[in-house]
Amino acid sequence: MISVKGDILKVKTTYETSPNIALVKYWGKFDEEYILPLNSSTGITLSTEDLQTRTTITLTNKYKEIKFLLNGQPHPVSGRLKKILKFFEEKTLAALGEELVPLQEGDNQETKRKNLKEFLNGDLSQLKLKIKSVNSFPTASGLASSASGLAALSVCLFDVYHMKEEYDFQRSVIARLGSGSASRSIYGGLVEWTGVPHQFLQRKFETKNNEVQLSEQEYEQLSKLCIAKQTHNETFFEDLDVFVVAYSFESKEVPSTSGMLQSTQTSELLKYRALNTAHVHIAGVKKAIEQKDYNELARLVRLDSNQFHAVCLDTTPPIFYLNDFSKNMINFIHQLDSALEYHVAYTFDAGPHAVLLVHKNHTPQVLRAIYEAFSIADTDSLNSRAQQTLKQAMEQEL
Ligand code: DP6
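Cut-offs used in this document
Residues numbered from 1 in each chain as written. Predicted model: local features only at pLDDT ≥ 70, side-chain atom pairs only at ≥ 80, totals over all residues. Heavy atoms only, no water. Pairing = 2+ DSSP bridges. Helix = DSSP H or I, 4+ residues; strand = E, 2+ residues; numbered from the N terminus. Axes fitted to C-alpha atoms, helices over the stretch in contact; angles between N-to-C directions. Near = heavy atom within 4 Å. Polar contact = N/O pair within 3.5 Å; in protein donor to acceptor, adjacent residues only side chain to side chain. Areas by Shrake-Rupley, 256 points an atom, 1.4 Å probe, with all protein chains shown as cover. Nonpolar A, V, L, I, M, F, W, Y, C, P; charged D, E, K, R; others polar. Contact = heavy atoms within 4.5 Å. Parallel < 35°, antiparallel > 145°, perpendicular 65-115°, else oblique. Left-handed = near helix turned anticlockwise from the far one by under 90°. Core = buried A, V, L, I, M, F, W, Y, C linked by side-chain atoms within 4.5 Å. Buried < 20%, exposed > 50% of the residue type's maximum accessible area, 1.4 Å probe, protein only.

Undergrad: When you look at the sheet that holds strand E3 (residues 20-24) in this model, what are you seeing that I'm missing?
TA: Note on sheets: strands pair through backbone hydrogen bonds, and any given pair is parallel or antiparallel. Spatially, E3-E6-E11-E12 is the arrangement adopted by the 4 strands of the open sheet, whose pairing is antiparallel. Among the strands making up the open sheet, the edge pair consists of E3 and strand E12 (228-232). Ignoring strand direction, the axes of neighbouring strands in this sheet form an average angle of 35°. One ladder, built from 5 bridges, connects strand E6 (residues 41-45) with strand E11 (residues 189-193); its direction is antiparallel. Along E11, the bridge assignment pairs Thr-45 with Gly-189.

Okay, here's the thing in structure tokens:
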């Protein structure tokens, strides 16, 4: 939406995203600055209202500096947000120059570009951003709030400047700079984020302290390569329900960024995983989805989650994201196998919450069993779709 009142210009855009839950986990960076992943990962972007970030960006000459509001509270523009905005301004805007001048609705591009430039006396730096981001779920609790927030931000940045489609890959680059998994949240369905090629991994792992020196050209090459792409749209999952069973909404102890740095520096298993297993798991997950082989999908998703947590345990000092609740859930899901035609997939990120992929035929039965076994006092720990399904299942039984 574009409006001009007197001397004040406003270009406004809003985008909603949800976390992308990895089915094959990203854990470890090849490069901390550019956020290039050691291994490829793939995940599902959830499409549920209670796990959503809504971000609105206004580009205006009304303010003298950038404003940022998170969940209604003013926040300083620091850390990753600052990094993203700096990169966007210095690299993206500077490189694309003219292309990024905001256009006004219903007008021919050339006229508006000219008008706007004239309006601002040719000085685009007069435009400042106001960023409003609201999470419908707890921030920094292991539910990938940063991923959805930063993905929404990067999409808005591109919309507000009316970027051309050919620069689409840059959205992924920008989101990645904020949080690796955010690059997957830009798209719906199953999204794959490419890791650095093996020859680079080998170079890194062969050097002392894993500190490899690359040329600027090589960094540019890797930066363009390590982007996220949708591999399967939402219709591939129409037989599946994805549920979150949250343990608690307290902030997690070891943030994923520092956790994966510790693992990269100390875990041999992480190197093995990056070189040998992650890509095999991804190929298997994609094949299982295409063939609607839900038992194979569950086998691989469980295996990958468990291997990721094994890497955490192989880290010095060890990192424990799974707690007793998570371990009981894992055991419980395996025990359910014999009763079900399609097995339930479980996966755990850098926190104790379980994410379950359940075949729709079995959702009421599985939710009911979890409700009873875990004596969930209220259903707040389930996302709203799970709550509704559980309620219906219980009403039907009465
Ligand atoms: C376990 O994307 O939060 O959820 O890039 O340092 O911000 P940074 O890490 P982040 O890590 C996510 C790790 C994970 C697995 C995954 O989502 O792939």
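That was the structure; now back to the text.
Undergrad: Would you mind showing me how to read the site of the ligand here?
TA: Surveying the vicinity of the ligand reveals 16 residues, the closest of which are Tyr-26, Lys-29, Arg-80, Gly-180 and Ser-181. Within the side chain of Tyr-26, one N or O atom sits 2.6 Å away from an oxygen atom of the ligand. Measuring from an oxygen atom of the ligand, one finds a side-chain N or O atom of Ser-181 at 2.6 Å. A total of 460 Å² of accessible area belongs to the ligand in isolation, and the protein chains cover 95% of it. Among the elements that take part in the shell around the ligand, helix H8 (residues 256-266) stands out by supplying 3 residues, more than any other. Classifying every residue of the shell around the ligand by side-chain character gives 6 nonpolar, 5 polar and 5 charged.

Undergrad: Help me understand the side chain of Asn-323 in this model?
TA: Along the chain, Asn-323 turns up in the loop between helix H10 (294-313) and helix H11 (324-336). Engagement of the side chain of Asn-323 in a polar contact is seen with the side chain of Ser-326, the distance being 2.9 Å. Excluding its chain neighbours within four sequence positions, the residues that come into contact with Asn-323 are Tyr-247 and Pro-352.

Undergrad: What's the story with the packing of H11 against helix H12 (residues 363-373) in this structure? I'm lost.
TA: Any two packed helices are characterised by the angle at which their axes cross and by the distance between the axes. In contact at an axis separation of 12 Å, H11 and H12 are set at 135° when each is read in the N-to-C sense. With respect to each other, H11 and H12 are oriented oblique. The two elements H11 and H12 cross, and the hand of that crossing is right-handed. Contacts from Met-329, Phe-332 and Leu-336 in H11 reach Val-366, Ala-369, Ile-370 and Ala-373 in H12. Classifying every residue of the contact of H11 with H12 gives 7 nonpolar, no polar and no charged.

Undergrad: Can you help me understand the nonpolar core in this one?
TA: Generally speaking, soluble globular proteins have nonpolar side chains that are buried together. Among the nonpolar cores identified, the biggest contains 59 residues, and Trp-27, Phe-30, Ile-57, Ile-131, Leu-153, Leu-157 and Val-196 are the most heavily contacted of them. Per-element accounting of this core gives the leading share, 9 residues, to helix H3 (residues 145-160). Core analysis: the next-biggest nonpolar cluster, separate from the first, contains 21 residues, Met-329, Ala-354, Val-358 and Ile-370 among them.

Undergrad: Just to check I follow, could you spell out the sheet that holds strand E13 (residues 240-245) for this structure?
TA: If you walk across this open sheet you meet the 3 strands as E13-E15-E14, and the pairing is antiparallel. The sheet terminates laterally at E13 and strand E14 (345-347), the two strands that pair on one side only. Across the sheet, the mean angle from the axis of one strand to that of its neighbour is 20°, orientation sign disregarded. Bridge count between E13 and strand E15 (residues 354-359): 6 bridges; the pairing is antiparallel. Looking at the pairing, Asp-241 lines up with Val-358 of E15. Across the sheet, H12 lies against E13 and E15, angled at about 145° from E15, the strand it touches most.

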